[in-house]
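Residue strings, one per chain:
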Amino acid sequence: MENVKRKAVVLLSGGLDSLLAARLMLDQGIHVEGINFFTGFCVAGHTHAVRKDRQDRALRNSALHCAEQLGIRLHIVDVIDEYKDVVLNPRHGYGAYLNPCLDCKGFMVGKARLWMEQNGFDFIVTGEVLGQRPMSQRRDTLPVVARESGALDRLLRPLCARLLAPTLPEREGWVDRDQLLALNGRNRKPQIALAQAYGFEYAQPAGGCCFLTDENYAHKLQDLWQSRGERRYDFDDIMLLKVGRHLRPRPHFKLIVGREEGENRFLEGYRNRFVHLWATEHNGPLVLLQGDTDEADLDLAASITARFGQGRAAPSVRVAVGQPGGSQDLRDTKPLPSHAFDACWYL
Amino acid sequence: MPHLDARYLLCPMPVIRVGACIANLVSGDVLTVTCTDRGALNDVPAWCRLEGHEVIQATTDPYGDVRLTIRVKK
């Protein structure tokens, strides 16, 4: 091994594999810093962050927690806008739902390569394991990631490196190949045993917490595109898809109904952007309305708002309809009865 | 005293915004931050520890807003 301290940037997802990959590099005396790309989708903790009734796990960013355990810097990078092209136009297609896993990995490694070059680092490390993921971690697709990202042989996968051709860091003696691992397949017991040996805490065995792999989320995103007549989204769109009940009572408008206090609080942040409804004399949800509506639509939205509140059994509920500009009007409405509520409205 | 309004942003956006804000400050400056994501109470101090900044105060008010006061160290 030469004396120059080599530098590696590790894609730290917050999952176990990248945590271990980073630790293996630290064990070999490599200077390691983490990088974490925020796409807007890789955020399973958001449900817990918003909902007050979900207090069963620690509210913290998993990647930051991993970095703290490793004692390394973590660069969290907002790639929301750039990532849209990955979601909308994946060269390699989607997985089961709207998850463009192979394109996603190529994109992230490519971003890490640029960061590496701009910051004088020597190579990139990921926690990929051969055969662990059906799309992006196969023997035939791992080279695709290295090639399309431009990282080529500066991409080291310490957890399965001994099953792959030696990379530049191994050939140059920056890292000792014999100390790398030969993990293969979906069995995660070796990683869990290694984490126990290191005394690591980790959020979940796999870092994968991408909403695009979620059937219901993907359905709501497709509904959004269909209603707009084009495939596009912005940051607020994809945040709102994670919150509340989503109903489309008519093709031209949709309602987002807060399910509890935490969600209502979150939806309050969008009152200046959308028409919003709430019962003024009963406890109940804050409801956002998206789409173009006429008076009959607003009456229907008000009756649905009343149905989801504590006045659902009352003969009449007063509902406020607020405009983004701040004005509001009041409607006395009958809560929508069960026979008039179509379960197909749920997205 | 510079203030960052990070209300209604979910993790990790408060951390990203705090980082961007601090990039334009100098050592000794004090930044105050308001967030609605309760996770920020853990995440922003964790990021500050990794970067060497000092969290002077981290509280949650009765309405649930997280308030942080950070002394920049570079």
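Residues numbered from 1 in each chain as written. Chains lettered and ligands numbered in written order. Predicted model: local features only at pLDDT ≥ 70, side-chain atom pairs only at ≥ 80, totals over all residues.

### A closer look at the domain arrangement of chain A
Residue and element names in this part refer to chain A.
Point 1. Here chain A is described as being made up of domain 1 (7-210) and domain 2 (243-345).
Point 2. Averaged C-alpha coordinates put domain 1 and domain 2 at centres separated by 42 Å.
Point 3. Every contact between the two is made by four residues of domain 1 and, on the other side, six residues of domain 2.
Point 4. Of the residues that constitute the side of domain 1 that touches domain 2, the class distribution is one nonpolar, no polar and three charged. (Domains from an automatic or database assignment. Contact = placed C-beta atoms within 7 Å. Nonpolar A, V, L, I, M, F, W, Y, C, P; charged D, E, K, R; others polar.)

### Considering the sheet that holds strand β5 (residues 155-156) of chain A
Residues and elements named next belong to chain A.
Point 1. Taken in spatial order, the five strands of this open sheet run β3-β2-β1-β4-β5, and their pairing is parallel. Pairing within the sheet leaves two strands with one partner each, and these edge strands are β3 (74-78) and β5.
Point 2. Strand direction decides the pairing type here: strand β4 (residues 123-125) and β5, joined by two bridges, are parallel. Paired with I124 across the bridge in β5 is L155.
Point 3. Packed on one face of the sheet, helix α1 (residues 16-27) meets β1 (7-11), β2 (31-38) and β4 and runs near 170° to β1. (Pairing = 2+ DSSP bridges. Helix = DSSP H or I, 4+ residues; strand = E, 2+ residues; numbered from the N terminus. Axes fitted to C-alpha atoms, helices over the stretch in contact; angles between N-to-C directions.)

### Considering the nonpolar core
Across soluble globular proteins, nonpolar side chains have a tendency to be buried as a group.
Residues and elements named next belong to chain A.
Point 1. If you look at the biggest cluster of nonpolar residues, it comprises 114 residues, and the most contacted ones within it are A8, V10, I124 and V287.
Point 2. If one sorts the elements of this core by residue count, helix α5 (residues 101-118) sits on top with eight residues.
Point 3. There are two domains that each give this core at least three residues, and those are domain 1 (7-210) and domain 2 (243-345).
Point 4. Dropping the residues within four chain positions of it, V10 is found in contact with S18, A21, A22, M25, V32, G34 and V125. (Core = buried A, V, L, I, M, F, W, Y, C linked by C-beta atoms within 7 Å. Buried ≥ 20, exposed ≤ 12 C-beta atoms within 10 Å, placed from the backbone.)

### Notes on unusual backbone geometry
Point 1. Here the bond from C11(B) into P12(B) is cis, since omega is 5°, no more than 30 degrees from zero.
Point 2. Positive phi outside glycine occurs at L152(A), with the angle close to 50°.
Point 3. Positive phi, close to 70°, is recorded for Y8(B), a residue that is not glycine.
Point 4. On the secondary structure map, Y8(B) appears in the loop between β1 (3-6) and α1 (13-23).

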